[in-house]
Amino acid sequence: VFRGIFKYAWQEHLVSVVETGYGWNAYGEGGGYDGGDLSVGTLAVATPLTFGLDYRFSTKNPLIVPRFGAGIGAYGVKVLSGRDRTSRDPVTDRKRSVTSAGFYGKLGAEYLLKPALVLNGDVLWHNALSGDSEAFPSGYLDSNVAFAEFRVGINYYFTIRSTGAA
């Protein structure tokens, strides 16, 4: 999973978050591939763009900052046959590729390494409201797509306030 995250702290406890990324889940040989060659696996790709809010809790230890968050977004979901060809529904012959609205919830914490450098850990649950059983009656995108995300990373916080003369 690759992620780009932008955060803006409105207050000490309230932070707005804009995220985008690219993630995938691969299935092995014969793992749902709808073609004749069962040696080719299936790859489900999700590309979310989300907007949300995080609430940071105060703790007795100022180095650890737990938080929870939630938000909404647009979720691009595509099912590939192999690594590069978009799968098609065998009944309707439509490409299994949709962009739909969705939402997420998040629990996480930060550990302060230096004044502007933190170690970050999160668990997220995404739900893309992509279900369309008429367009995709044979599976994959016939119901909503949900997935969990576990991530660890390092964040650097910088200020946009000017310290010099205006």
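The rules behind the values
- Residues numbered from 1 in each chain as written.
- Predicted model: local features only at pLDDT ≥ 70, side-chain atom pairs only at ≥ 80, totals over all residues.
- Heavy atoms only, no water.
- Salt bridge = Lys/Arg side-chain N within 4 Å of Asp/Glu carboxyl O.
- Helix = DSSP H or I, 4+ residues; strand = E, 2+ residues; numbered from the N terminus.
- Buried < 20%, exposed > 50% of the residue type's maximum accessible area, 1.4 Å probe, protein only.
- Core = buried A, V, L, I, M, F, W, Y, C linked by side-chain atoms within 4.5 Å.
- Contact = heavy atoms within 4.5 Å.
- Pairing = 2+ DSSP bridges.
- 1 Å grid on protein atoms, 1.4 Å probe; cavity = no way out; pocket = protein on both sides within 12 Å on 5 of 7 lines; lining within 4 Å.
- Points joined across faces, edges and corners; volume = space filled by probe spheres on them.
- Nonpolar A, V, L, I, M, F, W, Y, C, P; charged D, E, K, R; others polar.
- Phe/Tyr/Trp six-rings, centres within 6.5 Å; stacked < 30°, edge-to-face > 60°.

(A) The pattern of salt bridges, seen in detail. By the definition in use, this model includes 13 salt bridges. A salt bridge links Arg-151 to Glu-19; its shortest N-O distance comes to 2.9 Å. Highlighted residues: Arg-151 in strand S8 (residues 145-156) and Glu-19 in strand S2 (residues 14-27), separated in sequence by 132 residues. Owing to a relative accessible area of 1%, Glu-19 belongs among the buried residues under this scheme. One network of salt bridges, in which partners are shared, links Arg-3, Lys-7, Glu-19, Asp-54, Arg-67, Lys-106, Glu-110, Asp-122, Glu-149 and Arg-151.

(B) Seen up close, unusual backbone geometry. Look at Asp-93: it is not a glycine, yet its phi comes out positive at around 60°. The topology assignment puts Asp-93 in the loop between strand S5 (85-86) and strand S6 (97-114).

(C) Summary view of the nonpolar core. With 10 residues, the main nonpolar core is built from Tyr-75, Val-77, Val-98, Tyr-104, Leu-124, Ala-128, Ala-135, Phe-136, Leu-141 and Val-145. Broken down by secondary-structure element, the contributors of at least two residues to this core are strand S4 (64-81), S6 and strand S7 (117-128). Filtering out sequence-adjacent residues up to four positions away, Ala-128 remains in contact with Tyr-75, Val-77, Ser-100, Ala-101, Gly-102, Asn-144 and Val-145.

(D) Examining the pairing of S4 more closely. Relative to S6, S4 is paired through 15 bridges, and the arrangement is antiparallel. In the sheet register, Pro-66 faces S6, and the bridge partner there is Ala-109. Pairing of S4 with S5, which is carried by two bridges, proceeds in the antiparallel orientation. In the sheet register, Leu-80 faces S5, and the bridge partner there is Thr-86.

(E) Expanded view of the layout of surface pockets. Here the largest pocket defines a volume of roughly 890 Å³. The wall of the largest pocket is formed by 30 residues, among which Ala-9, Val-15, Arg-56, Tyr-157 and Phe-158 lie closest to the centre. When residues of the lining of the largest pocket are traced back to their parent elements, those giving at least two are strand S1 (2-9), S4, S6 and S8. For the lining of the largest pocket, the element with the most residues is S1, which contributes five residues. When its residues are assigned to classes, the lining of the largest pocket shows 18 nonpolar, seven polar and five charged. Here the second largest pocket is characterised by a volume of approximately 400 Å³. Ranked by the residues each element gives to the lining of the second largest pocket, the list is headed by S2, at six residues.

(F) Seen up close, the packing of aromatic side chains. Evaluation of the coordinates by the stated rule reveals five aromatic pairs. Ring centres of Tyr-75 and Phe-147 lie 6.4 Å apart, and the angle between their planes is 75°; this geometry places the pair in the edge-to-face category. On the criterion of sequence distance, the pair formed by Tyr-75 in strand S4 and Phe-147 in strand S8 is long-range, its members being 72 residues apart. The exposure class of Tyr-75 is buried, given its relative accessible area of 1%.

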